[in-house]
Each structure stands twice: as C-alpha cells, then as structure tokens.
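Letter by letter, the chains look like this.
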Amino acid sequence: MSKSVLVALRGVSFAYEDGPPVFTGLDFEVREGRALALLGRNGSGKTTLMRLLSGGLRPRGGELLLSGRAVRHDRKGLTTLRTTVQLVVQDPDDQLFAASVEQDVSFGPLNLGLPDAEVRARVAEALEALDIAALADRPTHLLSYGQRKRTAIAGAVAMRPRVLILDEPTAGLDPDGQERLLATLDGLRAAGTTVVMATHDVDLALRWADDAALLTPSGAHTGPAEETLSRRDLLAASGLRLPWGVAAGLFLRARGPAADDTAPAPRTPEELVALLGQQPPQL
Ligand SMILES: Nc1ncnc2c1ncn2[C@@H]1O[C@H](COP(=O)(O)OP(=O)(O)OP(=O)(O)O)[C@@H](O)[C@H]1O
Ligand SMILES: [Mg+2]
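Please read all numbers here as calculations on a predicted model, not as lab measurements.

Engineer: What should I look at first to understand the sheet that holds strand 5 (residues 69-70) in this one?
Structural biologist: Two modes of strand pairing occur in sheets, parallel and antiparallel, and in both the strands are linked by backbone hydrogen bonds. Reading across the sheet, the four strands line up as 2-1-4-5 and stay open at both edges, with antiparallel pairing between neighbours. Both edges of this open sheet fall to strand 2 (21-31) and strand 5, since each of them pairs with a single strand only. With seven bridges joining them, strand 1 (residues 5-15) and strand 2 adopt antiparallel strand pairing. Looking at the pairing, valine 7 lines up with valine 30 of strand 2.

Engineer: Looking at this structure, how should I read the nonpolar core?
Structural biologist: Generally speaking, soluble globular proteins have nonpolar side chains that are buried together. One finds Ala37, Leu38, Ile165 and Ala205 to be the most contacted residues of the largest nonpolar core, which totals 71 residues. Ignoring any residue separated from it by four or fewer positions in sequence, one finds isoleucine 165 in contact with Met50, Leu53, Ser54, Val85, Gln86, Leu87, Val88 and Val196.

Engineer: Any chance you could explain the site of ligand 1 here in plain terms?
Structural biologist: Around ligand 1 lies a shell formed by Tyr16, Gly19, Val22, Gly40, Asn42, Gly43, Ser44, Gly45, Lys46, Thr47 and Thr48. Looking at the shell around ligand 1, the element that brings in the most residues is helix 1 (residues 46-53), giving three residues. Tallied by class, residues from the shell around ligand 1 come to two nonpolar, eight polar and one charged.

Engineer: Please clarify how the pairing of strand 8 (residues 194-198) should be interpreted in this entry.
Structural biologist: Two faces, one strand: in a regular strand the side chains alternate between the faces of the sheet. For strand 8, a buried count of five out of five residues is recorded, marking the element as mostly surrounded by other parts of the structure. Burial along strand 8 is two-sided: the residues Thr194, Val196 and Ala198 and Val195 and Met197 are all buried. Note that strand 7 (residues 163-167) and strand 8 share five bridges and pair parallel. Paired with valine 163 across the two strands is threonine 194, which belongs to strand 8. With helix 6 (residues 175-190) bridging strand 7 and its parallel neighbour strand 8, the resulting β-α-β unit is right-handed.

Here is what the cut-offs are and how they apply
Residues numbered from 1 in each chain as written. Chains lettered and ligands numbered in written order. Predicted model: local features only at pLDDT ≥ 70, side-chain atom pairs only at ≥ 80, totals over all residues. Pairing = 2+ DSSP bridges. Helix = DSSP H or I, 4+ residues; strand = E, 2+ residues; numbered from the N terminus. Core = buried A, V, L, I, M, F, W, Y, C linked by C-beta atoms within 7 Å. Buried ≥ 20, exposed ≤ 12 C-beta atoms within 10 Å, placed from the backbone. Contact = placed C-beta atoms within 7 Å. Near = placed C-beta within 6 Å. Nonpolar A, V, L, I, M, F, W, Y, C, P; charged D, E, K, R; others polar. Right-handed = clockwise from strand over helix to strand, strands pointing away.

Pasting the structure below:
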C-alpha cells in the first residue's frame, strides 16, 4: 500500500513578479516516511518548489495540501503548516540572525509559545542531533560555514517537523561534513521525520533517497530513486548524468560477472564489491 501523502501541490501555477511562469499546473507529493531527493538543472525551480511546499510562497493557481486538506495562506493556516513542514534554505546566512547558536535554535519553538522547559528540551535535542551542543554559546557570525549550516538545520529540527525540507544541504560541506550530515539525517529519518533534499549530486541521491523527483520542462517526475535515476531521457532533460552506481550495475550485468542479476545498482564501493560476489577489500 502506498504511504500517505503528507504535503502536496495540486495543479500549482507560480511566477515571480514580472517573471515568466516557473510552474504551470504542477502536481507534486511528499509521502510520509519516504526520503525524497529533488533534482533539476539550475533555474529549474527546486528552490521555488520547496518554498511553495513550506508556505513561503503562495501559489498563483492551484493549492497546497496538508494531509489532504487545502492550506489557507492566513496566520492560522501558515502556523499549522510551520509546525508540520520546515524549510532549511541553502545559504545559512539567510536563515541565522540571533546572537548565539542557542538563541537562534530557540527562536522557532519560543515563537510557537511553548513553555520554557519544552523549548529548552527541544533546543538541547536539536543541538545534540546536529552535533553542535558544544557551540551553544558561540556567536553565529563567528562559526565556520559548515557549523552555520548545522545551526540552521538545528533551528528547523527544534520545531520537530514531520517534514524537513533542505535546499542543497551538502553544498559547501567537506566530505566528512557531508557524511556526518547524512548520518544525522538518517537519525531523523529513523525517528520518523520525512526528509526532502534538493541536490545536484546524482550519486548522493541514489545512495540516500528512497524516491527521486526530477524537475524537467515537462513537469516533475517522481519515482523510486534507482528507477528514476536510470531514466536517460529524464536525466538528459534535467541536465544530469547517469549515477556512477547505475552505470556500473548496467556494465556488470551486460558483461555477466554479477553474482546476482536481480541485485539493485551498487550505491557504494562496498556494494559494488558485493555485486561482484567477492570479499570486500579494506576500503
Ligand atoms: N526572487 C526571485 N525573483 C524573480 N525570479 C526568481 C526569483 N527566484 C528565482 N527566480 C527565477 O525562478 C526560476 C526558478 O528558480 P529557482 O531558484 O527555483 O531554481 P533552482 O532549481 O533552485 O536553481 P539552482 O539550482 O540554481 O538553485 C528561475 O528562472 C529564476 O531565475
Ligand atoms: Mg535553488
């Protein structure tokens, strides 16, 4: 049975002021518990789509649905949306504004009018989840880029959203920082948060996501990650190349050395070695 749809756009049209249409009649769904990677070329509308899903932009036509109910873009409707869906923008400097890390992360929960003890518990939990508890008292403007990025994500996590939407969260992080962020997101997923991520990295999307959505001029195409990221027509329309693991899987199956013909495409060097039916070397 398909997982329930938490947030959706139905027949949404949107254009920025004086700009050409970005979307016309767009349908898009975020399913509960399915990690979703959003891909598309520069200017294809990933950021715009995420802002429409989180209520920052209002559709010109069509509607935003939360658990099947149309969201009204008034104070009450948007507050309900904000407690369910949280967006982390690409540039942490567009999100952080308070003097210290702790103050910044507290802002959302305080604004919800939660009791102090609840705010403290949420902030502690979010700082812990992002591995930045030691930075709690530091001024945000003195942090490194990766630390600011984690602080911005902690601010969203402290709202305990059911859907966490991240706009290119791994951009600008070093390899270890990317791995740590993915591990953090895995922890949030295991705790029941539905995570949506925009990325240009097809290999990361294949490895991380359950589903992938490709934004092409003909609309959004969403499906299981390996299947969608194997579609050469969609990839070409999105200015993306075949993920390395999909290419390796195709090659190995064509050549015949695969130990298991039905195995999914390898997503990591370890999975590639397993597909070859060998003992993994020390990688
Ligand atoms: N604030 C804005 N005002 C006017 N036009 C905008 C604004 N933001 C984006 N656009 C336009 O809307 C379209 C979609 O942009 P968007 O930022 O959503 O793309 P994107 O897929 O996130 O791109 P990128 O990969 O570069 O981040 C582009 O044509 C862009 O020029
Ligand atoms: Mg963008």
